[in-house]
Amino acid sequence: MSRAAPPPHRSAVAGFLSLLGEVLITVGLVLGLFVAYSLWWTNVLADRDASARGDAVRAQWDRAAPSQAAAAPGALDTQGGIGFLHVPAMKNGEVLVKRGTASEVLNDGVAGYYTEPVKSALPWDPAGNFALAAHRDGHGAKFHNIDKLKNGDALVFETRDTWYVYKVFAELSQTSKYNVDSISPVPKESGRTAPGRYITLTTCTPVYTSKYRYIVWGELVRTEKVDAKRSLPAELR
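Q: Describe the nonpolar core, and please don't skip the residues or the numbers.
A: In a soluble, globular protein the nonpolar side chains are often hidden away together inside. Membership of the largest hydrophobic core comes to 26 residues, with the highest contact counts inside it found for Leu85, Val97, Phe130, Leu149 and Leu201. If we ignore the near neighbours within four places in the chain, the residues touching Val97 are Gly81, Ile82, Gly83, Leu85, Ala111, Tyr113, Phe130, Leu132 and Phe157. Counting residues in each nonpolar core, the second largest holds 13 residues, with Ala50, Val57, Phe84 and Val105 among its members.

Q: Residue-level account of unusual backbone geometry, with values.
A: Omega for the peptide link from Glu116 to Pro117 comes to -5 degrees, which places this bond in the cis form. Geometrically, the link from Thr205 to Pro206 is a cis peptide bond, its omega value of -10 degrees lying close to zero. Phi angles above zero are rare outside glycine, and Tyr208 is one such case at about 70 degrees. By secondary structure assignment, the location of Tyr208 is in the loop between strand S7 (197–205) and strand S8 (212–225). On the basis of relative accessibility, which here comes to 54%, the residue Tyr208 falls in the exposed class. Positive phi, close to 55 degrees, is recorded for Arg230, a residue that is not glycine.

Q: Summarise the environment of Asp62; cite the residues concerned and give the values.
A: In this fold, Asp62 is placed in helix H1 (residues 12–63). Classification of Asp62 as exposed rests on a relative accessible area of 68%. Residues Asp62 and Arg160 lie 98 residues apart in sequence; the distance between their C-alpha atoms is 8.6 Å.

Q: Please set out the sheet that holds strand S6 (residues 162–176) residue by residue, giving values where relevant.
A: Reading around the circumference, S1-S2-S3-S4-S7-S8-S6-S5 is the order of the 8 strands in this closed barrel, with mixed pairing throughout. Strand-to-strand twist in this sheet, taken as the mean axis angle between neighbours without regard to direction, amounts to 30 degrees. Strand direction decides the pairing type here: strand S1 (residues 83–86) and strand S2 (residues 94–99), joined by 4 bridges, are antiparallel. For Leu85, the partnering residue across the bridge sits in S2 and is Val95.

Q: With reference to specific residues and values, describe the pattern of salt bridges.
A: Here the structure, examined in full by the defined rule, presents 11 salt bridges. Arg53 is paired through a salt bridge with Asp108; the nearest N and O atoms lie 3.3 Å apart. Taken together, the positions of Arg53 in helix H1 and Asp108 in the loop between helix H3 (103–106) and strand S3 (111–113) put the pair 55 residues apart, joining distant regions of the chain. We classify Arg53 as partly exposed; its relative accessible area is 29%. Among the ionic contacts, a cluster of salt bridges with common partners joins Arg58, Glu94, Glu158 and Arg230.

Rules used in this analysis
- Residues numbered from 1 in each chain as written.
- Predicted model: local features only at pLDDT ≥ 70, side-chain atom pairs only at ≥ 80, totals over all residues.
- Heavy atoms only, no water.
- Core = buried A, V, L, I, M, F, W, Y, C linked by side-chain atoms within 4.5 Å.
- Buried < 20%, exposed > 50% of the residue type's maximum accessible area, 1.4 Å probe, protein only.
- Contact = heavy atoms within 4.5 Å.
- Helix = DSSP H or I, 4+ residues; strand = E, 2+ residues; numbered from the N terminus.
- Pairing = 2+ DSSP bridges.
- Axes fitted to C-alpha atoms, helices over the stretch in contact; angles between N-to-C directions.
- Salt bridge = Lys/Arg side-chain N within 4 Å of Asp/Glu carboxyl O.

Fair warning: the whole summary comes from geometry, so function is off the table for now.
Right, here's the structure in full:
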């Protein structure tokens, strides 16, 4: 009987290429899992956390004593949040707004108002710029669809007792992350030159990067008292 020839030995190069292929597949899987975590799972966690925080703020509003309700809106502020931003054109539901724009704030799936390098005004102030930031991807991505906004779109901020209705009047699709003039009390580059009651939305751009900032400006057009049924203003119906 003839004996079968032994299998040829793999060369060192072939062995190296095989090992390299396995390593690349493993690295690809790890990177894929990381991307899924960053762009999907962090949204799930942040949205869940923001929803719980929002419920807590509304519960605090419900428990407020009549004397508190009659006070200035700022008297109702808590560490949990000052109110909710509603932007129908972004289709992002209600967005809890808290103090500060550090990562540990925004990563909770909320928007934050600036305390530095320029201090934001608040909606009930007689003049100034209510300047907000939120993530565009991951961690709730509350401003992901900021590019959908156009002039005339409504930006509505809800406090315990008042609806503040703003209308978009300008946008800047790309600017330096160091452009603090965009959030100044009279926002430069927006076209406005006189004090008013403004709102500014800021987020990273392009999507999935943080190289630049995307800016949208609005101006207060009216306020509306919250009724007993907490009926929505016309812009949100």
